[in-house]
Every structure is written in structure tokens, then in C-alpha cells.
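# Observations on the three-dimensional arrangement
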Amino acid sequence: MEVKTSLLDNMIGVGDMVLLEPLSEDSFLENLRKRFDHNEIYTYIGSVVISMNPYRSLPIFTPDKVEEYRNRNFYELSPHIYALADEAYRSLRDQDKDQCILITGESGAGKTEASKLVMSYVAAVCGKGQEVNKVKEQLLQSNPVLEAFGNAKTVRNDNSSRFGKYMDIEFDFKGDPLGGVISNYLLEKSRVVKQPRGERNFHVFYQLLSGASDDTLKKLKLHRDFSKYNYLSLDSAVVSGLDDAANFRTVKNAMQIVGFMENEVLSVLELVAAVLKLGNIEFKPESRCNGTDESRVKDKNDLKEMCELLGIEQSVLERAFSYRTVEAKLEKVSTTLNVAQAYYARDALAKNLYNRLFTWLVTRINESIKAQAKTRHKVMGVLDIYGFEIFEDNSFEQFIINYCNEKLQQIFIELTLREEQEEYIREGIEWTNIEYFNNAIICDLIENNQNGILAMLDEECLRPGTVTDETFLDKLNTVCAEHQHFESRLSKNSKFLTDHSLPHNCFRIQHYAGKVLYRAEGFVDKNNDLLYRDLSQAMYKANHCLIKQLFPEGNPAKVNLKRPPTAGFQFRASVGTLMRNLQTKNPNYIRCIKPNDKKAPHIFTDSLVRHQVRYLGLMENVRVRRAGYAFRQLYEPCLERYKMLCKQTWPHWRGPAREGVEVLMGDTQVPAEEFSYGRSKIFIRNPRTLFFLEERRRQCLQDLATLIQKIYRGWKCRTHFLLLKKSQITVAAWYRRYAQQKKYQRIRSAATVVQSYTRGWQARKLLRELKYQKRCEEAATTIAAYWHGTQARTELRRLKQEVRNKHAVTVIWAYWQGTQARRELRQLKEAARSKRAVSVIWAGWQGTKARRELRRLKEEARRKRAVALIWAYWKGLKVRREYRKYFRANAGKKIYDFTIQRIMQKYFLGLKNTVPSMSPIDKNWPARPYCFLDRVHAELRKIFHLWRCKKYRSQFTEERKAVYEEKLEASELFKDKKALYPRSVSQPFKGDYLEISKNPKYQKLSSAVDEKVLLADVVNKINRANGKGTARIFLLTKKSFVLADQKTGQVKASVPLPDLSSVSVSTQSDGFFALKLKEGSASATKGDFLLSSERLIEIITKLHRIGATAADRDQLSVDISDEFLVQFKHDKVCVKFIQGAPKNGNSVSCKRKNNRLLEVSVPNTA
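Residues numbered from 1 in each chain as written. Predicted model: local features only at pLDDT ≥ 70, side-chain atom pairs only at ≥ 80, totals over all residues. Heavy atoms only, no water.

## Focus on the overall build of the chain
Definition in use: To qualify as a helix, a DSSP run of H or I must reach at least 4 residues; to qualify as a strand, a run of E must reach at least 2; elements of each kind are numbered from the N terminus. Atoms considered for the radius of gyration are the C-alpha atoms alone. The globule rule reads 2.2 Å times the number of residues to the power 0.38. Note on classification: 1.4 Å probe, protein chains only; a residue is buried when its accessible area is under 20% of the maximum for its type, exposed when over 50%, partly exposed between these limits. The contact criterion used throughout is that any non-hydrogen atoms of two residues lie within 4.5 Å. Reported accessibility uses the Shrake-Rupley method at a 1.4 Å probe radius. Residues are deemed covered only where the shown protein chains occlude them. Counted as positive: Lys and Arg. Counted as negative: Asp and Glu. His and the chain ends are not counted at all. One atom stands in for each charge, and that atom is NZ of Lys, CZ of Arg, CG of Asp or CD of Glu.
Secondary structure summary: the chain contains 31 helices and 31 strands in total. Expected size for 1166 residues packed as a compact globule is a radius of gyration near 32 Å; at 55 Å, the chain overshoots this value by more than 25%. If one aligns the C-alpha atoms of the chain with their principal axes, the spans along those axes are about 170 × 150 × 75 Å. Within the chain, the fraction of its 1166 residues that count as buried is 43%. Long-range pairs, those at least 24 residues apart, make up 64% of the contacts in the chain with a sequence separation of at least 6. About 66,300 Å² of surface is accessible on the chain, with carbon and sulfur atoms providing 54% of the total. Side chains of the chain carry 193 positive and 137 negative charges; the gap between the two charge centres is 18 Å.

Have a look at this one:
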């Protein structure tokens, strides 16, 4: 049986502020404090969730908690953000209602964490599957990327969102996520160039310097030392509890999961590095001859490194920092910039570059996470936006942030009242008009198209002449002086003339959350958000792949002299779009509150929380909810909860639930004006009535508990008595059985003893008889044995005597035989000794004779050698005496030279006879005879090989020479780089494989091509959508290449070769190649060509050879890589080659992975 629970069970304080009694600001704060001290950080105001930031981890966000709140009624469990997320998700899934979750609060209140919790809960409870999990992972991993580039450490929050974010998560009809769309609002780009004391720049700068590898930093021309960069504040560079290096790795991993390519990640990091380098550029003043001041760059090293990162000419950017060009119709005026203006231009460029990079990141993430299906989707929006801001010094940023919060408060009140009214009408309850403060008058003061503050600010910015913040304030004082929510010291309203809390250069607006003092200084400049056109045009000239997308207005071909829209106008338009979007969805609210400014747990600051309660309008929200009926509940749970208050409904009510509630309320004697009956719910007007019912229920539960205890104790005693009675009967039965068993055993034992004595007597009698019989038999046997023994001994003596006689004869005969044998042996030995003596004497004589002969031969040999040595010495002495007169002192060197010359002569004559054949591929070469001839031997081998190659080449015809030149060029391009190359070496380059001019099928195509066809073959054109190939005829001439239909011969595309920029191929054994066209050329409108051919080597070699011989264009670049980009119309697609197991007959397969990736699987032939 399922246990029914309620929000009212085990309640600490009041879980729903609508039930707070009495209702006051003090009781409201006391209830929040009480719940916060007991780790209850969530409280309801009807369907609105108040979230207190605990500044520590609590065990209330576990997977078990997710399952606990899954598919549960909103008021069934204690307040939790999961209850609101579950209610919104089930309404979207089951009732097909688009939802939006609005998260507001000041910086540090936990808005970003709340949005993460909502998204993680929805991801946990929706469907499963490979594609669904991929979408969920991409949606969740978009947060770390946006936090790195859009969040920063402030004095109030270590991870403060410095931009507004609205994400639409799209679901299918089953409730599974399909994708999402992110909208960003007002990035605080001024933080890029300047941060208040105690705060940091955006996280990504510190993460890059702390977590990037040394190679990456070297490539980006950066150093790890934060102090080397002017845009990074040093007093808060390191934040305790924040690991920038680990966060950088997390961000890179998240970018890969979302779908960023490696080259895109590197491009983004290059722009981040460029912003850091930009902050280090400093200027010095110079005076011109005409007396005007201009600026020059002090140290050009940082400027040079930044230009190298972005691919900009240094002189172009340096001029853009020094001059400003103003165009008006047909006139163009160029003026110099002084040092202050140059620094303004530098900071404006840094802010715009980072802001546009952030916008590009959001757009790129949207491309990856957007839903692929074109059908209608269910949508859940999550709005994480800055809360109301009141600082000591409030400027333009706080003004438009507070304007956004005014609009959110307006739509919040409207939607809350509309939700109340719709529920009353749906339930048939009479609707009474609710009095509340309508802040439409404040919104009109700010956004009115004629007299609104933003309209006047735009008008002032566009007005010719001198425009300053003072003129803007004067205009406000003139137009808005009589407005009841506008205050200024210089306005016509005399009551503020003596208000010293209102400075002369400020104005004050009374917002719904309180009065805010704004300093007019900087309003005009921040609203203009001006970036000089010279800088835009200089950035557009960059070769970096992202810069042209970020600065499209810099295109000289599309110069727009119209002034760009102001920041205020853009923000007002985006807020209007957001409001219209929110009004089409069912709203759910999360109000985040920061308990203290110390970012410490267990601290509740009354003044700070009171301030937030006021500007969030929470008391106003409670009063709106309580203006009608404070509490409402469905009949079934109401009857289930309070049925014990009435005897007729307890314990079970058999009729309809409404009738049971009517009987119950009538029995409790609650006044009729305190409640009303709707169609499906009961409405209770006053919280006191609900607490009265709860008190009655508590008393009834105590009485019921007492009754249950009484019945249980009686049942327990009766059960114990029956158990004892049953046990006594069992024990008695067992005892009687035991006594009978003992008695039986005694009788049986006595009978056994009598029987044993009787059997013993009988056995002993029988034993005596058997013993007597046995003795008689043994006596007869003994007598017979003695008689047989005597007979046997007599026979034995006779046999022994007979044996002795026979043995004597044998011994005598043996002695006689031995005597005869010994005599014969002595005779044989005597004869042998005589023969051996003769042999020994003969052997001794032969040995003596041999030794004498050996000594004679040795003596003769020694004499011959002595004669030869004496003769050689004599010849040498004779020659030396004869030639001494010729050689004198240098005889040794001349003899050496003569010897070397003779050896060389002999070497060359020998080489002539052993030279190898004239074939260039013959690698044989005779061995060298002497070590000192090593270099000569190798050089002769090289000269001979070159000579015979020259002789071999002289036999070539012009056609054969051209073929070999193409083969040589193919070797230079592809040898040891492309796995397909070895197979092409043995295949001759034929060129025209289709015989276009001879084949009548291609007569029409042949006539369409005016020039000589250098190559004609059938290739496969790869389709981006599915990776499948379509057969096309590829024709190559000296001026263009043509793609035509294989069946009809119709020309599909004709591209001049000057429009071709490069060719990309992989390193593997596939036939895929991409023909990349130059940007801006007429042929590039449909994008690049991705083709496949078995004769890839020949096609690219001929293309490269034509480019090398043409004088009017650059040589064609051939890129060999396993991953390259191909431009398909407006999108760039990455083609990635991987090795896989052989499939489909060892053929190459191409498959689309997502919108930006084609994966080519090449069989592994190893």
C-alpha cells in the first residue's frame, strides 16, 4: 500500500508562504531564516520556488532524490526545485503545453546552479537511448563552454554569469530531448578591458594561461605569468577553490562533445590570445608639423605577434589605430587620433572582438545542438538572467538590467494573475478583482518610443553637434520632470532642488524594487558602442578563418554608411522578443536569494535578505496569491488527508470524493464563507482555516494512535496467552511420551537379560560336545602323521646314497678334462711368445730407419732456405748499390709513388674488364681491391651510373619522355605520403580512358569542349547528405575541368583552373580527393567538389603539372592529411579518414555522422 504524504507533513516553519499567518515582512524573513537554519533551502509561494544559496554541498541532489520527486504531485513532498522541474516536464510531456522556467536573483544567489539542476533533472527523467543520451550530453556540456567565456569572479560571486541566457530545449512527442536553441543577452564586454577591484576578467583568460600545454602557449605566443597582460587584474588572479587548469581541460572536452572541430578550438584560442595581446599595445604622443597631435605605437612586438595570430598586415592595423576615416555620401575625411582616442579605439576593438567571439560561440553551439527533425516540437525554456542590481555607482549596464527586470516583473504579475483567473474560471469560482501595483508606468517611462529614456538616449546619440552626458541629462530633466517615478536635482520639480542625496549629474528612478540612483556619466558612449570603420575594415583583411565572419561590415564591397543600431535599441528589441516568447509558454518561477555577502554557509543577514525580498517582489506575490483563496486542493487528496475528522467518512467513504468533502466540511462546522467548492478542487480562503483542520487532524491522529496501541496491546497479550497454552499442551504430551518410552525400555531390558542367560547355557553345552569330538579326530590324525613320516625318511636316505655315487664319477671326469685343457694352453702360450718377439724386433728397426730419414730431410730443407735468404740479401744489396746514385735521399717517396701508380694502373685495367651492364637498374659493381680506394671507388660508381642513365635517356621519344616526367612528378608528390601510390607505379598514364573524340556516345560532350582533352575518366561525386557517390565524367583540359552526367553526357559543372585553390587527399589507400575553390570566385557559389576515383594519382599529377607550367596563376597546392575541411555551399564539413575492418568486399565506405562530419572508413590492408 502506497503511503500518502503532503507538504504539510513534518513541516519546518511554513513550506508555502501563502499559508504564513500572520503575513508581514518580518514573519516572512523569520520563516526563511528558520527553514534556512534547518537546511531547508527551498520554500514555495504557490507554484513559485524560493531558493536560498547554502554556499555548501547538501545531500538533496542525489539520484535517489531524483527518483523520489519523479512523477509526484507538486505539493506531495517538501519544497524542492526538482518538484517544479518535474511539474513543468510532466505538463509538457502529458498535456502538450510549452513551458518556461524563469530564474531570477542577484549575482551570487545561485541562478546558474539552479538552471543546471533543472537541466540535469530533466535529463535524468526523460528517455534513454544512444541518440537521446548524445543530445542530453551536448545540452549539458554547453554550460561549461558558456561559463568559461561568459562568467567571471566578482566580489559577490566566484562564478558570476556576466550575460543573460535563455535556452529552449526541444522535445518530441514522447518527451525525449531532440535539441535546443540558446539566446544570449548583453554580455558585460566592458569587463574585458577593465575590472573593479577584487574582481577578475572572464574565466577563459586565466584557464588558458594556467591549463594550456607549453606547446599551445608557444603557438599562441603567450606566457603563463598573469602580470604580463594589462587586461588581467592581479589582485584576484588566483581564486581559492577554483582550479583553472582542470577547468580548461573540462572546457576543451566539453567543446569536443558539443561538436567543435580541433581547428575551430584553436581558432577560438587564437582570438582569446589576440585580445590579451591587444591589451599590451601602448601608444605615445607625436606632434605633426601642422600642430595637430597624433599617436604612435610604443613597442611593436605585441602588435606584431597579434597580427601574426590573426593574419593581418602590421602596417594596416597600426594605421587603423592612428587614423580615423569618416565617410559621408561622396566625401571621405581622414583625421589623426590622439593618445586618448587611440586607447579608446584599442579598447573598443578588444570589447567588440570578444563580444562577437562570444556570439559566434553561441551560434556554433546552436548549430550542434539544434533539433534535426522538421516536425513541431514541444519546448521547455530556461531563463537564467541577471537580477535587479543596486550598487553604490550605477551606470548604463545597471539601467538596462533593471529595465529587463521591470519587464520580467510585469510579465510575472500578469501571468500570475492570469493563471489565478483561469483556475477560478476553470473551477467555476467567482473571480474578484485583485488590487496590485502595476509597474507598466515604469516600463513606459523607460521604453516609450517618443518620451522614453531609451528613445531620448538614442535621439541624443544620433543628433548632430556636440553630444555629451550633460545634454542627455538636460533633456531628461526637461521631458520627464513631471513623471512621478523620475527624480532629478536639475528638473523643474522644485521638491528635489534641496535633496542633497541626489547629485547634480545623476537621476533617480523609483523601480518596483525601490529607488535606484543612476550616474549619467558614460550613458552616451556605452549606448553608441562605437567601433571605428577603419578597425572593422582592417580586421576584415585578416586571413584568420573566423575574423571575416565576426566583422562582416568591414567588407569594402559592402560599405554601409548607415549608422549601426545603438546598444539600448538592440537590447530593447531582444527583451521585446523574449517577452513575446515567454507569453506563449506556461511560466514556472524560481526566485534565488543570497543569504549573506561573505559567501559563507550558516550565515543569514536580515538586511540583505530583506532587500532582496523587496526588489524580487515576493511579498507582492504572496498578497496576489492570497487575495482570493490562499489554499486549494483536489477533492481526492483532501478527503484522504482529513477523512478521520468525520465518523461518516472514516475509515472509508464509498461515494464521490466531492460529496465526501462536503460531508466532512459540514461536520467540522467551518463557516461557509471560508471555503468554496470548485469542479475538481476545494478552495480555502484563510490559512487559519487550514491550520484549524491540521490541528484537528493532529488530535485525531493522536486518538487514533492511542486506539491502535490499545488494540495492538490486547492482540499482543491474547497472542502471548494462546502461545503459552499451546506450549503447555505440547510440553505435557512430550513428557507422557517420554515416560512411556522409559517404562517400555525397562521391560524390554529385563526380557533381554533372561534370554541372554538361557542362550549362554545352551551354547556352553554345545561347545563341550564339539570339543570332545574334535579331540578324538585330532588323535587319529597324529598317529597317521607319525607313520607317514617314518616311511618318508627311509626313502630319503636311499635317494641320497644314490646321488652321492653319481656325483663322485662326475668330479673325477671334470678333473681329467681340466688337466688336459691346461696342458694345451701352456703349449699355445709358448708358440705365441716366440712370434711376438720377432714382430717387436722388426718394428724397432723400422722406427730407427724412419727417424734417420726425417733428420736428413730436415737438414736438407734448412740448407735450401739458408741459400735462398743469402741470395735475396745479396740481390737487394746489389740493387741498392746500383740505384743509389739515382735516388739519393728521396728514394723512399719515389718508390712509394711508383708503387701507388702501378696499383692504380692495375686497378683501372681490372675495372675495365669487370664493368657491369648498361642497364640503369643493374646495381652490381665490382669490389674494391684496396681500402684507400673507397672514395674513388664510390665516385666512379656514381659517375658510371649517371653516364649510363644519360645514354639510356637519349633513346627516349618526346611522348615517352612526357610520360616519365609525369611519373617523376607523381613520385615527388605522393611517394611515402599516399598509400595508393605504389599501385599506380606500374600503370601507365593513358589520359583519355573514355576516347571522347572517337566514342559516338560522347560526341555532344566532345563538341562542348573546345580544347584538347588531357584526361577523361569516370569518377564518383560524393553526396554530402548521405556520403553516397554518383557517377560523373571528369574531363581535364589546360584551362578548366568539366563534370558531366555519365548517361546523357550533359555538362553539370565547368570550373576554370584559375578558380581552383588546392587539392586535399588522405594518406591512405582510398581514392577520395577534394577540389577546393577560391573564396569569392564565380565557381565557388555551390561549394567545393568531393570526388572519388581509382586513378587519383594521375588526375592530381596532371592538375599539378598544368598549374606548374601556367604563367598566369599560382602552382596548385596539394594537401595530404587524414582530416580536412570541405566547403559545401554555406557550411564547412570535416572529412575524416579512419582505418577499419574490411567490409563490403574490402571497399571504402563513406558515412555522414552529423551535419559537420563525413567519416570515410578505409579497409586495413596490412
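Still more ground to cover, so stick around.
## Some details on the packing of helix 5 (residues 130-150) against helix 6 (residues 203-211)
The condition is simple: Angles run from 0 to 180 degrees between N-to-C directions of axes, and those axes are lines fitted to C-alpha atoms, restricted for helices to the stretch in contact. Any angle that is under 35 degrees is reported as roughly parallel, and any over 145 degrees as roughly antiparallel; angles of 65 to 115 degrees are reported as roughly perpendicular and all others as oblique. Throughout, the ten residues Ala, Val, Leu, Ile, Met, Phe, Trp, Tyr, Cys and Pro are labelled nonpolar, Asp, Glu, Lys and Arg are labelled charged, and all others, Gly among them, are labelled polar.
Two numbers describe how helix 5 lies on helix 6: the axes approach to 5 Å, and their chain directions differ by 100 degrees. The angle between the axes of helix 5 and helix 6 places the two elements in the roughly perpendicular class. For the pair helix 5 and helix 6, the contacting residues are Glu147, Ala148 and Phe149 in the first and His203, Val204 and Gln207 in the second. Classifying every residue of the contact of helix 5 with helix 6 gives 3 nonpolar, 2 polar and 1 charged.

## What about the side chain of aspartate 172?
How we decide: In what follows, salt bridge is the name for a side-chain nitrogen of Lys or Arg lying within 4 Å of a carboxyl oxygen of Asp or Glu. Whenever a nitrogen or oxygen atom comes within 3.5 Å of another N or O atom, the pair is scored as a polar contact, on the condition that within protein one atom can donate a hydrogen and the other can accept it, and that pairs from neighbouring residues in sequence are kept only if both atoms are in side chains.
Its location among the elements puts aspartate 172 in the loop between strand 6 (164-171) and strand 7 (177-185). The side chain of aspartate 172 sits in the buried core without any salt bridge; lysine 174 is the nearest counter-charge, 4.3 Å away. Engagement of the side chain of aspartate 172 in a polar contact is seen with the backbone nitrogen of lysine 174, the distance being 3.1 Å. Not counting residues up to four positions away in its chain, the partners in contact with aspartate 172 are Leu178 and Lys378.

## Re the environment of lysine 194
Note on placement: lysine 194 falls in the loop between strand 7 and helix 6. Overall, the relative accessible area of 66% leaves lysine 194 in the exposed class. Measuring from C-alpha to C-alpha, the distance between lysine 194 and phenylalanine 74 comes to 46 Å, with 120 residues separating the pair along the chain.

## Some details on the nonpolar core
As a reminder, the rule being used: The set of buried Ala, Val, Leu, Ile, Met, Phe, Trp, Tyr and Cys residues whose side-chain atoms join them within 4.5 Å is what this entry labels a nonpolar core.
Grouped together as the largest cluster of nonpolar side chains are 207 residues, with contacts concentrated most on Phe28, Phe149, Phe205, Leu317, Leu349 and Leu582. Ranked by residue count, the leading element in this core is helix 12 (residues 339-369), at 15 residues. Ala970, Tyr981, Leu1077 and Leu1103 belong to the second-largest nonpolar core, a separate cluster that totals 30 residues.

## A short note on the state of the cysteines
Quick note on the threshold: Disulfides are defined as cysteine sulfur pairs within 2.5 Å.
For the coordinates displayed, the defined rule picks out 0 disulfides. Of all cysteine sulfurs in the structure, the one in cysteine 480 sits closest to cysteine 461, which takes part in no disulfide; the separation is 15 Å. Cysteine 480 supplies the cysteine sulfur nearest to cysteine 506, a cysteine that is in no disulfide, at a spacing of 16 Å.

## Remarks on the packing of aromatic side chains
Our working definition: Ring geometry is summarised as follows: Phe, Tyr and Trp rings, the Trp one being its six-membered ring, pair when their centres sit within 6.5 Å, and such pairs are stacked at plane angles under 30 degrees, edge-to-face over 60 and tilted between the two.
Applying the stated criterion across every chain, the model contains 28 aromatic pairs. On the basis of an interplanar angle of 85 degrees and a centroid distance of 5.6 Å, the ring pair of phenylalanine 396 and phenylalanine 523 is categorised as edge-to-face. One end of the pair, phenylalanine 396, is in helix 13 (residues 396-427); the other, phenylalanine 523, is in helix 17 (residues 523-528), with 127 residues separating them in the sequence. In this structure phenylalanine 396 comes out as buried when scored by relative accessible area, which is 3%.

## Re the pairing of strand 3 (residues 99-104)
For clarity, the threshold we go by: What makes two strands pair is DSSP finding at least two bridges between them.
Counting buried positions over the 6 residues of strand 3 gives 6, a clear majority of the element. Judged by which residues are buried, strand 3 turns out to be covered on both faces: Gln99, Ile101 and Ile103 on one side and Cys100, Leu102 and Thr104 on the other are all buried. Here 5 bridges tie strand 3 to strand 12 (residues 378-384), and the two strands are oriented parallel to one another. Considered in strand 12, the bridge of isoleucine 101 is made with valine 382. Judged from the 6 bridges that link them, strand 3 and strand 16 (residues 586-593) form a sheet pairing that is parallel. Across the sheet, the residue bridging to threonine 104 is arginine 591, located in strand 16.

## So, the sheet that holds strand 6
Ordered in space as 1-2-16-3-12-6-7, the 7 strands form an open sheet in which the pairing is mixed. Lying at the two open borders of the sheet, with one neighbouring strand each, are strand 1 (42-45) and strand 7. Direction aside, the axes of adjacent strands within the sheet are offset by 20 degrees on average. The strands touched by helix 1 (residues 25-37) within the sheet are strand 1, strand 2 (48-52) and strand 16, with strand 1 carrying the most contacts at an inclination of about 145 degrees.

## Quick notes on the confidence of the model for the chain
Close inspection of predicted coordinates is inappropriate for parts of the model with low pLDDT. Heads up, the condition is: The predictor attaches a confidence to each residue, and that confidence, scored 0 to 100, is pLDDT.
Averaged over every residue, the pLDDT of the chain is 83; the share at 70 or more is 93%. The lowest-confidence element of the chain is strand 10 (residues 323-328), averaging 73 in pLDDT; the highest-confidence one is strand 2, averaging 92.

## Overview of the sheet that holds strand 18 (residues 675-677)
In space, the 3 strands of this open sheet follow the order 17-19-18, with antiparallel pairing throughout. Two strands close off the open sheet at either side, each with one partner strand: strand 17 (631-634) and strand 18. On average, adjacent strands in this sheet sit at an angle of 20 degrees to one another, irrespective of strand direction. With 3 bridges joining them, strand 18 and strand 19 (residues 681-684) adopt antiparallel strand pairing. Looking at strand 19, one finds that serine 676 is bridged to phenylalanine 683. Here helix 23 (residues 635-642) sits on the sheet and contacts strand 17, strand 18 and strand 19; the angle it forms with strand 17, its principal contact strand, is near 95 degrees.

## Side note on the pairing of strand 30 (residues 1149-1154)
When strand 30 meets strand 31 (residues 1157-1163), the two strands line up antiparallel, connected through 5 bridges. Following the sheet pairing, cysteine 1150 is matched in strand 31 by valine 1160. Between strand 30 and the antiparallel strand that follows it, strand 31, lie 2 residues.

## Digging into the packing of helix 6 against helix 8 (residues 244-258)
Helix 8 packs onto helix 6 with a crossing angle of 100 degrees between their chain directions and a minimal axis gap of 7 Å. One element, helix 6, and the other, helix 8, form an angle in the roughly perpendicular class. Contact with helix 6, carried on its side by Tyr206, Gln207, Leu208, Ser210 and Gly211, involves Asp244, Ala245, Asn247, Phe248 and Val251 of helix 8 and no other residues of that element. Among the residues forming the contact of helix 6 with helix 8, the class breakdown is 5 nonpolar, 4 polar and 1 charged.

## A short note on a nonpolar patch on the surface
Heads up, the condition is: Residues enter a patch when their relative accessible area is above 30% and they make no salt bridge; the linking distance is 9 Å between like charges and 5 Å between nonpolar side chains (Val, Leu, Ile, Met, Phe, Trp, Tyr).
Where nonpolar side chains cluster on the molecular surface, the patch consists of Tyr952, Val963 and Tyr964 and spans about 240 Å² of accessible area. If you trace the backbone, tyrosine 964 turns up in helix 28 (residues 958-974).

## A short note on the environment of arginine 508
Within the element layout of this structure, arginine 508 appears in strand 14 (residues 506-511). C-alpha of arginine 508 to C-alpha of phenylalanine 551: the two residues are 43 residues apart in sequence and 37 Å apart in space. Here the side chain of arginine 508 touches glutamate 487 through a polar contact of 2.6 Å, side chain to side chain.

## Observations concerning the domain arrangement of the chain
In many analyses, interface size is given as the accessible surface area lost on bringing the parts together. The criterion, for reference: Delimitation of the domains relies on an automatic or database domain assignment.
According to the domain assignment, the chain consists of domain 1 (1-116 + 390-432 + 566-628), domain 2 (275-355 + 528-560), domain 3 (631-725) and domain 4 (958-1119). On a C-alpha basis, the centroid separation for the pair domain 3 and domain 4 is 87 Å.

## Describing the pattern of salt bridges
Side-chain pairs of opposite charge can arise whenever the charged atoms involved come near each other. On inspection of all chains with the given rule, the structure shows 49 salt bridges. A salt bridge links aspartate 606 to arginine 33; its shortest N-O distance comes to 2.8 Å. Of the two residues, aspartate 606 sits in helix 21 (residues 606-615) while arginine 33 sits in helix 1, which places them 573 residues apart along the sequence. Look at aspartate 606 and you get partly exposed, because its relative accessible area is 33%. Measuring nitrogen to oxygen at the nearest pair gives 2.7 Å for the salt bridge that ties arginine 191 to glutamate 199. We classify glutamate 199 as buried; its relative accessible area is 8%. Taken together, the shared-partner salt bridges in this structure form one network comprising Glu25, Asp26, Arg610 and Arg614.

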